[in-house]
Structure formats: structure tokens, C-alpha cells
Amino acid sequence: MEFSLRREPKAARAKARLDGVQRLKECGFILVLAAAVFTMVALLSFNPADPSWSQTAWHGDVHNAAGAMGAWLADSLFFSFGILAYPLPPAAILGGWVFLRRRSDDEPINYTIIGARILGLFILFLTSCSLADLNFDDFWHFSSGGVMGDVTNSLALPLFNVLGTTLVMLFGWAAGFTLFTGISWLTIVDNLGAMTLKGVTWAVNRIRGDAPTELGVPDTDTQSTAANASEPMELSDLRRLTPSAPEKAENSANDEQAQNKAASPIIFGGQARSATDSDVADDQGATDSDDAQPEEPSLGQWHLAIEHEEEHEEAAPVLSSRVEVDTPHLDTGTAPSIETGEETPSDDLHSAPIAPSQHHADTTYGNQDGLSELERAEQASSGADEDDDPFQETIRQAQKNQQQAAGLDHPFLVKDEPDLPTPKEPFPTLDLLDPARHTAEQATREELEKIARLVEARLEDFKVQARVVGVYPGPVITRFELDLAPGVKVSRISGLSKDLARALSTTAVRVVEVIPGKPYIGLELPNEHRETVFMSEVIGSERFKNSHSPISVVLGNDIAGEAIITDLGKAPHMLVAGTTGSGKSVGVNVMLVSMLYKASPEDVRFIMIDPKMLELSVYEGIPHLLTEVVTDMKDAGNALRWCVGEMERRYKLMSALGVRNLKGFNEKVKAAEAANNPIPDPLWKPGDSMDESAPKLEKLPYIVVVVDEFSDLMMVVGKKVEELIARLAQKARAAGIHLVLATQRPSVDVITGLIKANIPTRMAFTVSTKTDSRTILDQGGAESLLGMGDMLFMPNGSNHPIRVHGAFVSDEEVHRVVNNWKARGKPQYLDEITKGEQGSDSLLPGEAPSGGEGEELDQLFDQVVEFVTESRRGSVSGVQRRFKIGYNRAARIVEQLEAHGVVSSPGHNGNREVIAPPPPKD
Ligand SMILES: Nc1ncnc2c1ncn2[C@@H]1O[C@H](COP(=O)(O)OP(=O)(O)OP(=O)(O)O)[C@@H](O)[C@H]1O
């Protein structure tokens, strides 16, 4: 209560002085309180003989403790409300409290609730008065419901009769109660039910506890609470059921154990069995049940479990002695033979074969951590991450920044680029990339040797005889080369890869079925600590420096840590596939950045298609771009068509110059320029441009088309894309146009046979199934990759994929390189690439230009023109009705009308305007 009636320290009092309204309110509440107390006193000391409003008494004293005023007040209240006058003073106090208490600023008055309360109170009083009037006798000379009850009933009774009125009033009372208190009757019913159940349970428990014999043998739940007094009864029951039980019961030490065992379901099972077994022992004349049990060999496992439990509980010595009997028995049964050398790895390794006794002792029964499977898996993976290396933290941070940056760099949110100083070096320098550093410890020779022995032992468990003949540790995985015993098929080991991963407690084991030039197979196991392959490390490698092609791309390191570089010119097209999160986008970025390190815009140009709008939009604005990053898939279709046209143009140029590829073309152009005799464009015709003579031929750049989500393109643009890609893939190599297609859906409807046949270089990141791996690589293996850039790279013309640990480039690094190029120049975008106004060269075989002049006009075309221009209505349905033709034909004719400028393109409402004038009248 917030009234300042209580005593407070002086400082607090000074601080807590009331303002004007608060003072009035508080005084008001004091008055209400006084009135309520006075009224209560008056009501309680009411005397009907006192003079009052309904009573005339000329003589005599006033007996009411509140005096004449009290007598008068009590009489009036009783007269009006009957016995319901008594609750009035508390109700007044309550009302005063609600309205007059001091409220904090953040506690505004809720008038709806106050209104509901007032209404509820009124209904409560009214219905209570009515019910009192109906059901209780008058007191003194007042009606028990007062005038209020009388009047209400006189209105209700003729309508509802006594029972009906009682019911109406009861329900009204219930409604009033809810309005006043805000307590739902459902809650009341619920609580009443719960209390009833509780009461019944309590009563039943009481009855059980008092007389357990009446209810029979107590169940396991109540066993622990059963009174000692009940024991003789239970024991006699047990004695009747199992003759061995008495011995246990009579042994006071075992008695306690029996109770302990009853707490665990497993041990409880053991107990039941031992009862039966001692039963057998009993039959054989054994007098001691404890001695009888060890003689039963099939109980070994249970005994071990019991023993293990009781190691912690200071078990009776009787039980621990059993282990000595049982353990050797189990040893012979299940011990695997692991004599692989003088040094047994199992002694040292955590996951080494475990001696049976140890095995049982280590067995965990049930989960104690209270975590769900999902949480446990997440915990395990996050733990692994933490273990992995602290650099991953940086990566994650970088990713966060990337997402933010990507959002800001969105093409629809273009922001002004800061003016960057033009770099002096011809190409970006290595310092733009994060320096390489070691993020994980390499395994020692001894550790590797132990793992090798373990691998052999595990294979032996699967009845495969193999010998590790070579160990090749790398930054991410270690390859163990195995010499298989004669007659062992490699497919058997491939089939075991998952079992081996489990047996060796690793995430994935990849089996390399053929190692070129060696009679061995390979087993690739992930390292405990994974090294990150930094982009700078690979870009800075001698191999990359010595690679002269401007379209050399770095991929990462091979399993031995050697840089893997490939030349897109030889690829010549690349398919990149892997599930989401496998590292595709990072892989594509690495390729693009490596080209930015090698090639100027005169050497290489890019067309980037990015339906996701995020991955490639970072490159927006570099001078290498031929067009803005294409995010609309329709534009992407046009871009591919443009590439086909460009390819055909280049072919014609090359054939005119008598060269076989772009390199030869560029060399000739360069030689001609050096000789000061530039070659005029042989394809130029007067009228093609405003020039009077043919323009000079210039060096042609390579064009790299990167599609980040190729399946989107297939889905939106459809079959045409497949044909365009196939056409490009077949011929574009010589023209210097190269495709890099990435997809996260390695299914046959995306990577179709036509595309696969024409794109020989494949890059498979982790996929979920072997089928997916086959779709990309025509063989399994990618399903056993480790993610985060781990890939299988199948170069052009090879059948053996190489395992590559992809280089990592963060978005910050990409931004730095991109900004470096942006500072060097602006891109010159070619609008025609996405506009779809390409010439006939870009048409696919058998394809006709839509709506163009080459298209054959419908026979009805002239008549339709006449009709449309006369009627001034260019709708398809109009044409359909007038000429009684199908929708498709009518629509085609109207499109032809549009192409010839007779009608406009459809407006917002789909209507076309007739542009051409009406035909002249004769
Ligand atoms: N080479 C690498 N080294 C270390 N970590 C990597 C590497 N490549 C990728 N990763 C990690 O994997 C994450 C996912 O990579 P990425 O975004 O490239 O996957 P994706 O296959 O393109 O996924 P999506 O299809 O959803 O875009 C990266 O954010 C990064 O943390």
C-alpha cells in the first residue's frame, strides 16, 4: 500500500511529500475508511427499537453504538439492501482503495477494468439481494434482500417463477463475480478438480500407509516408503513366489543391497534373475544363495553391471568377488585379437579396443545429461568448432560483417563509392589478403603410427586384412595408403567407409579406390585439428606466380599442402556443386579473386549471374564487368544469348584472320599493331556504324561467365538455358568464353546429361548422398568430404578426382581487392547484353527471332490489321471472336501486331491501345 501513513526517515519523507491531488485523494480515502468503520459499527450494533427512518420511537435511549446517526444509517441500509448491508463497508473500503490509492506514473488507470468492476459489483449486489430475498427469512422487520431484492423479484417472479428467478440470479451472480474479480470460472473448476484429486490421492495414500496388507504387495514406487512393519508380510509373499527370496531377506546385509538394486531398473532385472538362479541352486542343495549365483555363467554381464554400480556404493564384498569369476569367462568370448605389433595402440588411444571388463565398466546406461539428441549433436559440433581453431571465430565474425555489407551492397541500395586513390602497382598486391598463419598443430610421427595401427586393427574387425604402407599427413586430412591382402576387393572397403568412420570415431572416412601409379588404396581420415588454407598462401605460391594465363585460378591445397592451380582456359568450363554451406560461394570467390590478381580488364571480362543477389554483388563496379551483376533470370537468359552471339562473331573474326583460338587472334592483332599496320574489322559493312572505314581490330578479352545459382536459371528460363549453355560449352573455348556454373542442387534435372557432356571440369563440395556425388563426378566420394571448402576436383579429361582443401577468402579480403580494382577504373557496361536485342547469330538452331521481320506472318494478319484499326480494339479475345480462331493463334497475331507497331504493348489492365491510324475510306 502506497499511503504515506507509515513512518519514514526524515529525508525520505521530505522527498515523498504529496502533491495537491495526492493529498486530496489520501484524505478522501481516510474519510471512506472512517465512514466504513462507522457504518460497520452501526450495522453490528443495530437495535430495531432505536428511532430511525423506518421506525418511530419517541422515547427511550438510542442503543446503537454509533448513536442516533448510526441507528438511522443502519436502518436505512438494512431497509435498502437487507443482509447485504453487511458487506457494504468492506466494499466501500475496496472501492476507496481502487480509486484513491497513489499510483505510479507507469501504472495508468485502466477505465475498462474499473468499469467492469463497478458493473460486476452492482450485479453482485443486485443478484445477491434478490437471492437473499428469495431464500432467506426476513430479519427483524426488514426483508432479507431489502428493497433492492424486493423490487428485483417483483419484476422477475412474474416472468420466471421462483426456480427460474433463482437460476437467473445465480448465473447473474456468477457473471457479476467474473466481472468484478476477473477470475474465470474455468480456473475455479480446474482448481476445484485438482484439489479434489489431491484430496482423494492423499486419502488413498493415508489408507494405504495405514493398512498396506489390504492392498497387497506394494509397487516399486511405494516400496521405499513402505513401513517397516509391513516387511514380514512382503517377505512371506515373496517366499511364496520365489523360494530363494527368504535367504536374501534373512541376510541383513543383502537386505540393504536388495533395496539399492530396486532403485535401478537394470539391477532390478538382475535381482529377479538371481532369484530364479538361486532357486536352481536351492534345488541342488546349496544353502547359501550368494554362493549359488556365481555358478550361473549366463549372468556374467548382469553381475558386472551390479558390481560397477556398487563400486560407488561400497558394495558388499560378496558381489565384488563374483567379478573375478566372471571376467575371464567373458574375456574368451569377446576379446578381439589385436596383435598388430609389439606396441599395442589400444593401450594408449582413447578409442582403442577395450578389454571386456573395462568395456562393461564403461558402458553408460541412459543419458544423464538431460539433453536432447539435437542439443547433444549441436554441443558436439560446437565443441568441435571450438577445438578446430580460433581462426574460425574470425571467419564467423567476417561472415557477420559480410552479411551486413552484402545487405548494404545490394544493387537496389547502391551507395556512392568513396574516392579511392589509384594504386601504383599494375595488379593488386598480396598485402590485401590476410597473411597465412598456422592454425593447427600437426600430428607427431608417433601419433600417426598409432592411428595407422588402429586402422589396421579396425579393418581386421571387419575381416579385412590390410597393411598401412604409407602415411601422408596434410593440413586437413591424413591419407593412409593400404596394401590389401590378395583377394580383398576394394569395393568392400568402400562399402565400409561409414562403419570405419564410426569405428575410428571420426566424422568421415573417404576411400580412394585407385591411387594412380600405385598398387594401393587410400584411406583419408580427418585430422584432429584442421588447418585453414589461406588465400594469400596459395596466391603467393610459386605455382601461381609461374602460371602465365590470365585466367589461372587457385583452388586451394592438395592433401599434402601443395597449391592447386588450374587454368580456366584448359578447363574450359567448370561445374561447381555442393550442398548449402559446403563452401561453394567461397570457392567461386577464390577463383574470381585469383583472376583479379592476374588479369586486367583488357585480359578478362566477367559476366556475373547471381540470383541470390548477395554472393556476387560485391563485385559490382569493378572494371572487369561487361554488365552489371545480373540478378534477374530473364536478363541472365539474354546474357547467355549474347555470349552465343559474341562467340559466333569471334569465330568469324578468327576464321577471317586464319587463327585457331583467341590467343592466336590476339597475337596477330598485337603483331599488326606493333608493325603499325592495324587490321581493319573484316566483318564491318558500310552502314553498320557512322564510320567511313572499318574500325581497327582490337585485342579481345577472355570472357568468364559465372553463374552462382545455376538451378534458378534453369527453373526460370527453362530448357533454352540448357541449350544455350550446351552450345557455349561446345564451342566457346576457342573463342575465349568460359563458364563457371555453381549449383547447390546437384540433381539430374539441373545438371542434365547435355550440360554434363559439355562441361568436363567438375568441382564437388560436400554433398548429402552418394547419388548426388555421382551426378557431379560420375562416382561417389563427395558425400565423405568434410565441408568448409573441402572438395573433389576433377580436371578436364581425368577420371580421378583430386581432393583439394579449398582456400578461404573472407569478404573483407574480397572487398579490399574489389576496391583496389574500382580505384583503377570504371566498368563500361554493354547494355545490349541484358536487353535481348541480339542479332541472328545468337539464335539457336531452328529458332526464329520472335516478332521480328523474319517471322512468317499469319495468313489472317492483313485482315486482323484492318479489323483492329477500324474497330480500334486490339484485344486477343476480340480477334478470337471475330475470326473464330483459337486463343493461341489470336494471341500470336496480336503479338505480331505489336511487333509491327499496330498496337501497343499491354497496359496495366492488359488492354492494348491501337496505334496505327484507321484505314483510309474510299
Ligand atoms: N576454404 C574454406 N576454409 C574454411 N572455411 C570455409 C572454407 N570455405 C567455406 N568455409 C566456411 O563454410 C561456410 C559456408 O561457405 P559458403 O557460404 O561458401 O557455402 P555455400 O556452399 O556457398 O553455401 P550457400 O549455398 O548457402 O551460399 C563459410 O562461411 C565458411 O565459414
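Please refer to the structure higher up on the page.
In this report, we go over the structure that sits alongside the text. (Residues numbered from 1 in each chain as written. Predicted model: local features only at pLDDT ≥ 70, side-chain atom pairs only at ≥ 80, totals over all residues. Heavy atoms only, no water.)

**As for the sheet that holds strand S4 (residues 521-526)**
Then comes step 1: Spatially, 4 strands are ordered S1-S2-S4-S3 in an open sheet, and the strand pairing comes out antiparallel. Looking at which strands have only one partner, the edges of the open sheet turn out to be strand S1 (466-473) and strand S3 (510-512). Adjacent strand axes in the sheet meet at a mean angle of 25°, parallel and antiparallel pairs treated alike.
Then comes step 2: Both S3 and S4 contribute to a ladder of 3 bridges, which runs antiparallel. Directly across from valine 511, in S4, lies its bridge partner leucine 523. (Pairing = 2+ DSSP bridges. Helix = DSSP H or I, 4+ residues; strand = E, 2+ residues; numbered from the N terminus. Axes fitted to C-alpha atoms, helices over the stretch in contact; angles between N-to-C directions.)

**Remarks on a nonpolar patch on the surface**
Then comes step 1: Judged by side-chain polarity, Trp53, Trp72, Phe79, Val147, Val151 and Leu155 come together as a nonpolar surface patch covering roughly 590 Å² of accessible area.
Then comes step 2: Secondary-structure elements contributing two or more residues to the nonpolar patch are helix H3 (67-81) and helix H6 (146-181).
Then comes step 3: With 3 residues, H6 is the largest single contributor of residues to the nonpolar patch.
Then comes step 4: You can see valine 151 is positioned in helix H6. (Patch = residues over 30% accessible without salt bridge, like charges linked within 9 Å, V, L, I, M, F, W, Y side chains within 5 Å. Areas by Shrake-Rupley, 256 points an atom, 1.4 Å probe, with all protein chains shown as cover. Salt bridge = Lys/Arg side-chain N within 4 Å of Asp/Glu carboxyl O.)

**Comments concerning helix H4 (residues 88-100)**
Then comes step 1: With 13 residues, H4 ought to run about 18 Å at 1.5 Å a step, and its terminal C-alpha atoms sit 18 Å apart, in line with that.
Then comes step 2: Of the residues making up H4, those classed as buried are Pro89, Ala91 and Gly96. Axial view of H4: buried residues confined to an arc of 155°, hence all on one face.
Then comes step 3: On its buried face, H4 is in contact with helix H2 (20-44) and helix H5 (111-135). (Expected span 1.5 Å × (residues − 1). Buried < 20%, exposed > 50% of the residue type's maximum accessible area, 1.4 Å probe, protein only. Arc of directions from axis to C-beta. Contact = heavy atoms within 4.5 Å.)

**Considering the nonpolar core**
Then comes step 1: By size, the foremost hydrophobic cluster in this structure holds 104 residues, and its most contacted members are Phe606, Ile607, Tyr619 and Val705.
Then comes step 2: If one sorts the elements of this core by residue count, helix H25 (residues 633-657) sits on top with 11 residues.
Then comes step 3: For valine 705, the residues in contact, after removing those within four places along its chain, are Ile607, Ile609, Leu640, Cys643, Ile737, His738, Leu739 and Val740.
Then comes step 4: Counting residues in hydrophobic clusters, the runner-up holds 20 residues, among them Val455, Ala466, Phe480 and Val511. (Core = buried A, V, L, I, M, F, W, Y, C linked by side-chain atoms within 4.5 Å.)

**Observations regarding the sheet that holds strand S10 (residues 737-743)**
Then comes step 1: Overall, mixed pairing links the 9 strands, which are arranged S6-S5-S13-S12-S11-S7-S10-S9-S8 in an open sheet. If you trace the sheet from one side to the other, it starts and ends with strand S6 (563-567) and strand S8 (604-609), each paired once. Along the sheet, successive strands turn relative to each other by an average axial angle of 30°, direction set aside.
Then comes step 2: Strand direction decides the pairing type here: strand S12 (residues 790-794) and strand S13 (residues 802-806), joined by 4 bridges, are antiparallel. Each bridged residue has a counterpart across the sheet, and for phenylalanine 793 the counterpart in S13 is isoleucine 802.
Then comes step 3: Strands in contact with helix H24 (residues 584-598) are strand S5 (552-558), strand S7 (574-577), S8, strand S9 (702-707), S10 and strand S11 (761-764); relative to S5, the strand with the most contacts, it is inclined by about 130°.
Then comes step 4: In this fold helix H27 (residues 710-717) packs onto S9 and S10, with an angle of close to 95° to the strand it touches most, S10.

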